[in-house]
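Commentary on secondary and tertiary structure
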Amino acid sequence: MQNRTGVIGGTGVYDPKLLEDLKEVDVKTPYGNALLYIGKYREREVCFLPRHGRKHGVPPHKINYRANIWALKKQGANRIISTAAVGSLNEAMPPGAAVLIDQFIDFTRQRPLTFFEEGNEGVVHTDFTEPYCPEIRNLLRGNAVGAGLQAVDYGTYICTEGPRFETPAEIKMFKAWGGDVVGMTNVPEVVLAREAGLCYATVTLVTNYAAGISNTVLSHDEVLEMMAENIEKIRHLIMNTISEISQDPRCSCGDIPGKIQVD
Ligand code: HPA
């Protein structure tokens, strides 16, 4: 069960539709169990994990990110594509755009953010100069137009703790500090994936302009509606990308200082 591709579905992406020979697996990890689906797409084995649970029952600050990444690695997923709904701080990234983020700024507050707490591994500092896998980002960029999406090939993701939306003052500050889009889940997911030596890239879909930029108040329903409108395009993009993903990565995502042992 090696060389599987992992897909982490964010808001609005809860079911493993399009996968064949589907089975549900409850994976045991040192951090608790994680539920995922394994199936096939054009002869590729895919592990699908709905980040918020099957029915969006888990809020961003309660997601067991460590169990999820551990479980994907244990099931042989060495390359992961995730999806995320985001608010936009940048008029070049309007609602409906797919932003292929290339940097993040972490404004989370109370989430376990590492596999390297102490103990056998000692102190581990992991490089994050290029947080998202360049090979997967290239494939996503190449497939976005064919999937009918307006893609933007850069973007700094601000990760907030949530579950509340931001104040206009916070958004003004994030914008001044270089943020392009804002969401609540990419950190620590991207961090843990790199610590585990996995390739990881995210397709974000802009569902709204952020607070204070939008001229209406924000609601989760608005986010869900925009995701629902674009879900088929996102699915298309991910599936086409999965069928092109190389089993033999040339990137350096796996060259990391610590090694977590999942078996
Ligand atoms: N803020 C935070 N998370 C989000 C937003 C937002 O405006 N839209 C979708 N996810």
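Residues numbered from 1 in each chain as written. Predicted model: local features only at pLDDT ≥ 70, side-chain atom pairs only at ≥ 80, totals over all residues. Heavy atoms only, no water.

1. Side note on the layout of surface pockets
- Approximately 340 Å³ is the volume attributed to the largest pocket.
- Of all the elements in the fold, those that place two or more residues in the lining of the largest pocket are strand E5 (77-88), strand E10 (181-183), strand E11 (199-209) and helix H5 (220-244).
- Here the lining of the largest pocket gets four residues from one element, more than from any other, and that element is E5.
- Looking at the lining of the largest pocket residue by residue, the classes come out as twelve nonpolar, ten polar and two charged.
- As for the second largest pocket, its lining consists of 13 residues, of which Met1, Gln2, Asn3, Lys73 and Gly76 are closest to the centre.
- When residues of the lining of the second largest pocket are traced back to their parent elements, those giving at least two are helix H1 (65-74) and E5.
- Within the lining of the second largest pocket, the residues separate by chemical class into four nonpolar, six polar and three charged. (1 Å grid on protein atoms, 1.4 Å probe; cavity = no way out; pocket = protein on both sides within 12 Å on 5 of 7 lines; lining within 4 Å. Points joined across faces, edges and corners; volume = space filled by probe spheres on them. Helix = DSSP H or I, 4+ residues; strand = E, 2+ residues; numbered from the N terminus. Nonpolar A, V, L, I, M, F, W, Y, C, P; charged D, E, K, R; others polar.)

2. Notes on the site of the ligand
- In the neighbourhood of the ligand, the contacting residues comprise Ala85, Val86, Gly87, Phe165, Glu166, Val182, Gly183, Met184, Thr207, Asn208, Leu218 and Val223.
- Measuring from a nitrogen atom of the ligand, one finds a side-chain N or O atom of Glu166 at 2.8 Å.
- Relative to its unbound accessible surface of 260 Å², the ligand loses 95% to contact with the protein.
- Judged by the fraction of its atoms near the pocket grid, the ligand is located in the largest pocket.
- Only E5, E10 and E11 provide two or more residues apiece to the shell around the ligand.
- With three residues, E5 is the largest single contributor of residues to the shell around the ligand. (Near = heavy atom within 4 Å. Polar contact = N/O pair within 3.5 Å; in protein donor to acceptor, adjacent residues only side chain to side chain. Areas by Shrake-Rupley, 256 points an atom, 1.4 Å probe, with all protein chains shown as cover. Sits in = over half its atoms within 2 Å of the grid points.)

3. A word on the packing of aromatic side chains
- All chains considered together, the criterion is met by eight aromatic pairs.
- Between Tyr37 and Phe48, the ring centres sit 6.3 Å apart and the planes meet at 40°, which makes this aromatic pair tilted. With Tyr37 in strand E3 (residues 32-41) and Phe48 in strand E4 (residues 44-50), this residue pair connects regions lying eleven residues apart in the sequence.
- Judged by centre distance (5.9 Å) and plane angle (25°), the rings of Phe107 and Trp177 are stacked. A residue pair is termed long-range when its members are at least 10 positions apart, and Phe107 in strand E7 (residues 103-107) and Trp177 in the loop between helix H3 (168-176) and E10 qualify at 70 residues.
- By relative accessible area, Trp177 is classed as exposed at 53%.
- The rings of Tyr31, Trp70 and Phe115 are connected pair by pair, giving a single aromatic cluster. (Phe/Tyr/Trp six-rings, centres within 6.5 Å; stacked < 30°, edge-to-face > 60°. Buried < 20%, exposed > 50% of the residue type's maximum accessible area, 1.4 Å probe, protein only.)

4. Topic: the environment of Glu130
- Along the polypeptide, Glu130 turns up in the loop between E7 and helix H2 (134-144).
- What makes Glu130 partly exposed here is its relative accessible area of 45%.
- Along the chain, Glu130 and Cys253 lie 123 residues apart, while their C-alpha atoms are 8.8 Å from each other.

5. Topic: the nonpolar core
- Membership of the largest hydrophobic core comes to 42 residues, with the highest contact counts inside it found for Leu36, Ile69, Leu72 and Val181.
- Residue contributions to this core peak at six residues, all from H1.
- Excluding residues that lie within four positions of it along the chain, Val181 makes contacts with Val86, Gly87, Ser88, Leu89, Met93, Val99, Ile101, Thr156, Tyr157, Ile158 and Val206.
- Ranked by size, the runner-up nonpolar core spans 33 residues in total, among them Phe48, Ala85, Leu140 and Ile245. (Core = buried A, V, L, I, M, F, W, Y, C linked by side-chain atoms within 4.5 Å. Contact = heavy atoms within 4.5 Å.)

6. Thoughts on empty space enclosed by the protein
- Scanning the model with the defined rule gives one cavity of 30 Å³ or more in all.
- Estimates place the volume of the largest cavity at around 130 Å³.
- Lining of the largest cavity is provided by 13 residues; of these, Val7, Val13, Phe48, Arg235 and Ile238 occupy positions nearest its centre.
- Going through the elements one at a time, E4 and H5 are the ones with two or more residues in the lining of the largest cavity.
- With five residues, the top contributor of residues to the lining of the largest cavity is H5.

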